[in-house]
Amino acid sequence: MAEGIPVRVITGSEGEETTIRVEPGANLRESLLEHDLPVYGTVSQYANCGGRGVCSTCTVEVDPAPEPTHWHDAAAVRFGYPRLSCCITVEEPMTVRLLDKHVWGQVLPRRVAPDES
């Protein structure tokens, strides 16, 4: 049997599942990234706080949800927002749902109609 704590990870709109093994006390964000699991969106994979708990780009849904240890994560719990994976230490088996990431206020280039060019 493999060592480590089992973390069931659900990705994509199809609900694809995989289980990774994580050392007790490991940071969830770092563990997900080590297994090439998409914690960030297309932009935030380059522009993020590096796991300091301030940018809110590494959000996930976790069950069972551990007690928060960081002020930002405590606010997420209080108001029902997704949790920050950088603020979660893996101490017991859990299920993690990776969320589709969207950039708030993102403006896409306007498509030019063929007759406008």
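In this report, we go over the structure that sits alongside the text. Residue positions are counted from 1 within each chain, in the order its sequence is given. It should be noted that, the model being predicted, local features are given only for residues of pLDDT at least 70 and side-chain atom pairs only at 80 or more, the latter also being counted only at that level, while totals for whole chains, interfaces and linings use all residues. Side-chain descriptors were evaluated using all non-hydrogen atoms of the structure, hydrogens and water having been removed beforehand.

Moving on: the overall build of the protein. The helix and strand inventory of the protein stands at two helices and seven strands. Secondary structure follows DSSP: runs of H or I at least 4 residues long count as helices, runs of E at least 2 residues long count as strands, and numbering of each begins at the N terminus. Starting at the N terminus and walking to the C terminus, you meet the elements of the protein as β-β-β-α-β-α-β-β-β. Residue burial is assigned from relative accessible area. The probe radius is 1.4 Å, only protein chains are included, and a residue is buried under 20% of its type maximum, exposed over 50%, and partly exposed in between. Across the 117 residues that make up the protein, the buried fraction comes to 34%. Residue contacts are defined here by distance: any two heavy atoms, one from each residue, within 4.5 Å place the two residues in contact. In the protein, the proportion of contacts linking residues at least 24 apart, taken out of those at least 6 apart, comes to 53%. Areas reported here follow the Shrake-Rupley algorithm with a probe of radius 1.4 Å; residue values treat only the protein chains shown as occluding. For the protein, the accessible surface area stands at approximately 8,000 Å², while carbon and sulfur atoms represent 51% of it.

Turning to the sheet that holds strand β1 (residues 5-11), a few remarks are in order. Strand pairing in a sheet takes place through backbone hydrogen bonds and is either antiparallel or parallel in direction. Any two strands with at least two DSSP bridges between them are considered paired. Here we have five strands laid out as an open sheet, ordered β2-β1-β7-β4-β5, and mixed in their pairing. For this open sheet the edge positions go to β2 (16-22) and β5 (83-84), each flanked by a neighbour on one side alone. Sheet analysis places β1 next to strand β7 (residues 94-98), joined by four bridges and oriented parallel. Following the sheet pairing, V9 is matched in β7 by V96.

Moving on: the pattern of salt bridges. We define a salt bridge as a contact between a side-chain nitrogen of Lys or Arg and a carboxyl oxygen of Asp or Glu at a distance within 4 Å. If you walk through the whole model with that rule in mind, you get three salt bridges. Two residues, E61 and R97, come together in a salt bridge whose shortest N-O distance is 4.0 Å. Remark: R97 occurs in strand β7 and E61 occurs in strand β4 (residues 59-63); sequence separation between them is 36 residues. On the basis of relative accessible area, E61 is assigned to the partly exposed category, the value being 40%. Classification of R97 by relative accessible area gives partly exposed; the value is 35%.

Interpretation in functional terms is not warranted from these geometric data alone.
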